[in-house]
Amino acid sequence: MSGILRLDGLRKSFGSNEVLRGIDLTVQQGERIAILGASGSGKSTLLRCINFMEVPSAGTVTVAGTPVGEEARGGRCYRPAELARLRTRIGMIFQQFNLFPHMTALQNVAEGPLSVLGVGRAEAEARARQHLAKVGLAEKAEAYPARLSGGQQQRVAIARALAMEPEMLLFDEPTSALDPELVGEVLETILGLSREGRTMLLVTHELGFAFHFATRVIFLHEGMIHEEGTPEQVLKHPRQDRTRAFIGRHS
Ligand code: ADP
Ligand code: MG
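Residues numbered from 1 in each chain as written. Chains lettered and ligands numbered in written order. Predicted model: local features only at pLDDT ≥ 70, side-chain atom pairs only at ≥ 80, totals over all residues.

Under an unreviewed UniProt entry, the name given to the protein chain is Amino acid ABC transporter ATP-binding protein, and the source organism is Falsiroseomonas algicola. Under the UniProt heading Sequence similarities (unreviewed entry), the note attached to the protein chain is "Belongs to the ABC transporter superfamily." What UniProt states about the protein chain under its Subcellular location (unreviewed entry) heading is, verbatim, "Cell membrane". (UniProt positions renumbered as here; feature names shortened; annotations may be inferred.)

Below is the structure:
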C-alpha cells in the first residue's frame, strides 16, 4: 500500500544543525497519527516539511502516489508553483491561530476558496457557513477575531483549513496557546473530524487526548522516529526508556 503520504529518508538541516535525520513514514488514508517528542526534537519541522513550508535537505515526500519535486543531480528540485499547489491540498493548523484580524470569521474561512481555488463569492460564503457550523460557530460568522475567545479563534482556523477541502490535516500543538478551560472545545472539534475518517497528523503534549484520537502514535527523538505503535502500545507499554520518561513527565 503506497499510502496518501509517504516520507522516505526525510532530512532537514539548518546550517550545521541536523534537525530531521532520516524519517521514513507511510500514512494511509484515514489514519490519525499523534506525534510526540520533547521540545526541539523536530516535530514542527517535520510537519513543515510535509507541506513544504520548509524544503527538505534530502529525502522524498510523496503525496497520493506522486513524489514532490523532480530528481536532480545532488538532490531534488522543487518548482514554486508545484509547492503552492501542494499546500492547498494539505491543511495546517498552528499553535497561534493566524487569522486575518481585519476579516470576519466568515471572510477568514471563505478567503482561501475565493482567492486560491477561484470559487465564486456566493458559493465560497455558503460553504464557509457550513464549515463554521461544523466547528460549532454558525452564530459567530460575522464576528471579528478580536471578539472571539482563543478556542473560538482556533475553531475558525480549523474551519478555514477545512474550507480548502484538503486531503490531510496537520495540527501543530493546536491547544498549547489556549487557556486550560478552552482546550476541551478545540479537542472536541478535532475528535469530531476524526469521526469523518479524515487523515490527520497532530503534534500534541496532551497524552490523554492522543490516546483517544490516534490510530498510531509516533515518538520523535533528535529528529528520528524513536518508537511508534498503537496508542495502547506506545502510551501504556512503551518499549524505549526515553519514551517512558517522556510519558512520565507529561502524564
Ligand atoms: P519541536 O517542534 O519538536 O519543538 P522544531 O522542529 O521546532 O522542534 O525545532 C527543532 C530544531 O530545529 C530546534 O533546534 C530549532 O532551533 C531548529 N529550527 C527550527 N526551525 C528553524 C529555522 N527556521 N531556522 C533555524 N533553526 C530552526
Ligand atoms: Mg514545535
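## Some details on the site of ligand 1
Close contacts around ligand 1 come from Phe14, Asn17, Val19, Gly37, Ser39, Gly40, Ser41, Gly42, Lys43, Ser44 and Thr45, and that covers them all. Secondary structure elements with two or more residues in the shell around ligand 1: β2 (17-27) and α1 (43-50). In terms of residue count, α1 provides more of the shell around ligand 1 than any other element does, 3 residues in total. In terms of residue class, the shell around ligand 1 is built from 2 nonpolar, 8 polar and 1 charged. (Near = placed C-beta within 6 Å. Helix = DSSP H or I, 4+ residues; strand = E, 2+ residues; numbered from the N terminus. Nonpolar A, V, L, I, M, F, W, Y, C, P; charged D, E, K, R; others polar.)

## Focus: the environment of Leu117
Among the secondary structure elements, Leu117 is positioned in the loop between α3 (105-115) and α4 (121-134). For the pair Leu117 and Thr88, spaced 29 residues apart in the sequence, the C-alpha separation amounts to 8.5 Å. Leu117 has contacts with Gly112 and Met164, leaving out every residue within four places of it along the chain. (Contact = placed C-beta atoms within 7 Å.)

## Here we look at the UniProt feature "domain: ABC transporter" (unreviewed entry) in the protein chain
Mapped onto this numbering, the UniProt entry gives "domain: ABC transporter" (unreviewed entry) at residues 5-247. Regarding residues 5-247, the helix share stands at 37% and the strand share at 28%, and the terminal C-alpha atoms are separated by 27 Å.

## A look at the packing of helix α5 (residues 150-162) against helix α6 (residues 180-194)
Helix-helix packing is described using two parameters, namely the angle between the two axes and the distance between the axes. Relative orientation of the contacting elements α5 and α6 amounts to 20°, with a least axis distance of 8 Å. As far as their axial angle goes, α6 and α5 are roughly parallel. As α5 packs across α6, the resulting crossing turns out to be right-handed. Taking contact as the criterion, the partners of Gly150, Gly151, Gln154, Arg155 and Ile158 in α5 are, on α6, Leu182, Glu185, Val186 and Thr189. Within the contact of α5 with α6, the residues separate by chemical class into 3 nonpolar, 4 polar and 2 charged. (Axes fitted to C-alpha atoms, helices over the stretch in contact; angles between N-to-C directions. Parallel < 35°, antiparallel > 145°, perpendicular 65-115°, else oblique. Left-handed = near helix turned anticlockwise from the far one by under 90°.)

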